[in-house]
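Next come the chains, spelled out residue by residue.
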Amino acid sequence: MLIDEILSKFVGSGPRSYYSFETFILNLLKHHIESQNKTLTTSDNYKTPGDAIAENGFDEFEGKTLIDVKLNLDRIPPRQFVEQFLHRLTRWENFPDIKNILIINGRPIADKSKERIHAEISNYLPFKITLWGPDEINKVVAKHRKEANKIANNLFSLRLENAVTKETRSWEEEREERIDQLIETYGRGQFSMFLGAGVSSSAGMPDWYTLLNSLFVSYLTNEFNNSETMSDDDIRQIVTRLNGVDEPSALMAARYLRKGLSKESSEVRLFTNTITDNLYKLRDTKKDISSNLIKSISNLCMPRRTGARVRSVVTYNFDDLLERELEGRSIRHHSIYTDNELSDPDELPIYHVHGFLPENKSKYEYLDKSTLVFSEEGYHQIYSDSYHWSNLVQLYNLRENNCLMIGLSMTDPNLRRLLDISARNVEQARHFAFLRRLSLDDFCYVTDKKTKERKQVIDNIKGADQFLNRHHKLNEELMKELSVSIIWFNSFDDIPDILDRINND
């Protein structure tokens, strides 16, 4: 099996293809180098300028050799690649010990690009610079044809195994590296934030199912308004039982509610008014409406003397809590919720891509033209229309900026589809997402709701720990294919602290 056959297995040139190619090369080189009784050490530390180090060299490479794997160098301007490579290399603690640099590229490298890369690096560094393309890779494949086939047929399982066994660092140490990378990314200014329900929940806004339950009560109250046989308590009891028995999907339930709450003549307006009323009525007033998380997000949006670091905010939330915080801080912004609105250059655009339901409607115009993605048909409208303004906004930000996802579960099919599309012309993960890590204690024990006693439900604690480690690594590898690096957290209180570190660095 030659490298062209292996590359033909990969779809496109996005992160999925890059990480598959990287896995193939590093495993093949490891086998090749170990056959010479030498070692290859791999690393996923973003501060390391390459992907692996052959401590004692191999083949014609004498001494410590740094190896960097690329899929298609011709997609990167030579000067940009060299600048980024040198930036990491010269700040690396092992820099003085390097004797050789080997850059391996999966596609043929144009002669002009090869000459420019070689010349640019050689001008700054006293190392021997070597570039390998498919021809050089095929020579190694030919020496280990059986092993190459085995590796090519088990790429994802090898990726996962490498991720689990590559380093002895804890997940907290890995998180620190990703936070450092996030700080660097934010400092460059091409930065956007994508906000989900977790942001609003931090300020006491109801979750999806709480809101639906309230709407069910509103619907049944309207239906049985003149009935002497149905009290408010009866209605709440019926709603609770219906959810327990039927367990409808949230989107299907919303469609049902829209039909039930509305009259034909003013269907949409009545439905949106009912949602808005319930949305703010159900807010937990014990929580500060200006939560620590919302404050930290607003801090990041504050313009610097050198200009704004955050180019835009994309939110899937209906509420106006972020706008209130920004207004209180005199940060110029513009809420966008239809396809014909534009922000001024000195305004921070806040895109409400699933609709906008501010508590004070009088402050905003054309709210009735907002596409409310609350019901199943609203979601289908956006999902099926590739040119819907909300899809174009999300796709533009994912392609042009480095994005940080906050308060999102990352399971929404449309978001994952857009991430997949936007990642096709990049090789490595360029976005970040906060996700809550499942702790061993929460996984192995449950608390009885009545007695409040902790009960062990998993007998093999050690086995569960190993499983969770692989489970989290698997999620990391899957998200990397969508160009997203996960920043794990234990408690939601961790997120404002991390955001403040980014802002204060």
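See above for the structure.
Quantities reported herein were computed from a predicted structural model and do not represent experimental measurements.

## A closer look at the side chain of Ser 485
Moving on, step 1. By the element assignment, Ser 485 lies in strand S16 (residues 484-489).
Moving on, step 2. Contacts of Ser 485, omitting those with residues within four sequence positions, involve Arg 178, Ala 429, His 431, Phe 432 and Ala 433.

## Examining the sheet that holds strand S9 (residues 310-315)
Moving on, step 1. Spatial strand order, S10-S11-S9-S8-S12-S13-S16: 7 strands in an open sheet with parallel pairing. If you trace the sheet from one side to the other, it starts and ends with strand S10 (333-336) and S16, each paired once. When strand polarity is set aside, the average angle formed by the axes of neighbouring strands in this sheet is 20°.
Moving on, step 2. Of the pairings in the sheet, the one linking strand S12 (residues 402-406) to strand S13 (residues 431-436) comprises 2 bridges and is parallel in character. Within the sheet, the bridge partner assigned to Leu 404 lies in S13 and is Phe 432.
Moving on, step 3. Against the sheet, helix H14 (residues 292-301) touches strand S8 (191-195), S9, strand S11 (348-352) and S12, its axis set at about 160° to S8.
Moving on, step 4. The strands touched by helix H15 (residues 321-328) are S8, S9, S10 and S11; relative to S11, the strand with the most contacts, the crossing angle is about 165°.

## Here's the deal with the sheet that holds strand S2 (residues 52-54)
Moving on, step 1. In spatial order, the strands read S1-S2-S5-S6-S7; together these 5 strands make up an open sheet with mixed pairing. With one partner strand each, in any of the chains shown, strand S1 (40-42) and strand S7 (128-132) form the two edges of the open sheet. Each adjacent strand pair in this sheet contributes to an overall mean axis angle of 20°, direction not counted.
Moving on, step 2. With 5 bridges connecting them, strand S6 (residues 100-105) and S7 associate as parallel partners. When the bridges of S7 are listed, Ile 103 appears paired with Leu 131.
Moving on, step 3. Each of S1, S2, strand S5 (65-70), S6 and S7 is contacted by helix H2 (residues 15-34), which is oriented at about 150° to S5, the strand it contacts most.

## So, the packing of H2 against helix H5 (residues 134-143)
Moving on, step 1. Orientation of H2 relative to H5, taken along the N-to-C sense of each, is 55°, at an axis distance of 10 Å. The angle between H2 and H5 falls in the class oblique. Crossing handedness for the pair H2 and H5: left-handed. On H5, the residues touching Phe 21, Phe 24, Ile 25, Leu 28 and His 32 of H2 are Ile 137, Val 140, Val 141 and Lys 143.
Moving on, step 2. A class-by-class count of the residues in the contact of H2 with H5 yields 7 nonpolar, 1 polar and 1 charged.

## Focus on the layout of surface pockets
Moving on, step 1. Estimates place the volume of the second largest pocket at around 850 Å³.
Moving on, step 2. Taken together, 28 residues line the second largest pocket, and the ones lying closest to its centre are Ala 197, Trp 208, Tyr 316, Asn 317 and His 354.
Moving on, step 3. Those elements that place two or more of their residues in the lining of the second largest pocket are helix H9 (197-201), helix H10 (208-223) and helix H12 (250-261).
Moving on, step 4. Taken together, the residues of the lining of the second largest pocket sort by class into 16 nonpolar, 9 polar and 3 charged.

## As for the pattern of salt bridges
Moving on, step 1. Scanning all chains against the criterion turns up 19 salt bridges.
Moving on, step 2. A salt bridge links Glu 176 to Arg 501, with the nearest nitrogen and oxygen atoms 2.9 Å apart. Residue Glu 176 is found in helix H8 (residues 171-188), and its partner Arg 501 is found in helix H21 (residues 494-504); the two are separated by 325 residues along the sequence.
Moving on, step 3. For Asp 346, the salt bridge identified is with Arg 332, shortest N-O distance 3.2 Å. Here Asp 346 is found in the loop between S10 and S11, whereas its partner Arg 332 is found in the loop between H15 and S10, with 14 residues between them in sequence.
Moving on, step 4. Classification of Arg 332 as partly exposed rests on a relative accessible area of 45%.
Moving on, step 5. One continuous salt-bridge network, built from bridges that share partners, spans Arg 16, Arg 159, Asp 420, Glu 477, Lys 480 and Glu 481.

## Observations concerning the nonpolar core
Moving on, step 1. Within the largest apolar cluster, 42 residues are counted, with the highest numbers of intra-cluster contacts made by Met 193, Ile 406 and Leu 499.
Moving on, step 2. A per-element tally of this core places H14 first, with 5 residues.
Moving on, step 3. If sequence neighbours within four positions are ignored, Ile 406 has contacts with Met 193, Phe 194, Leu 195, Gly 196, Val 199, Leu 293, Ile 297, Phe 434, Ile 495 and Leu 499.
Moving on, step 4. Counting 30 residues, the second-largest nonpolar core is a separate cluster that includes Tyr 18, Trp 132, Ile 151 and Leu 155.

Parameters at a glance
Residues numbered from 1 in each chain as written. Predicted model: local features only at pLDDT ≥ 70, side-chain atom pairs only at ≥ 80, totals over all residues. Heavy atoms only, no water. Helix = DSSP H or I, 4+ residues; strand = E, 2+ residues; numbered from the N terminus. Contact = heavy atoms within 4.5 Å. Pairing = 2+ DSSP bridges. Axes fitted to C-alpha atoms, helices over the stretch in contact; angles between N-to-C directions. Parallel < 35°, antiparallel > 145°, perpendicular 65-115°, else oblique. Left-handed = near helix turned anticlockwise from the far one by under 90°. Nonpolar A, V, L, I, M, F, W, Y, C, P; charged D, E, K, R; others polar. 1 Å grid on protein atoms, 1.4 Å probe; cavity = no way out; pocket = protein on both sides within 12 Å on 5 of 7 lines; lining within 4 Å. Points joined across faces, edges and corners; volume = space filled by probe spheres on them. Salt bridge = Lys/Arg side-chain N within 4 Å of Asp/Glu carboxyl O. Buried < 20%, exposed > 50% of the residue type's maximum accessible area, 1.4 Å probe, protein only. Core = buried A, V, L, I, M, F, W, Y, C linked by side-chain atoms within 4.5 Å.

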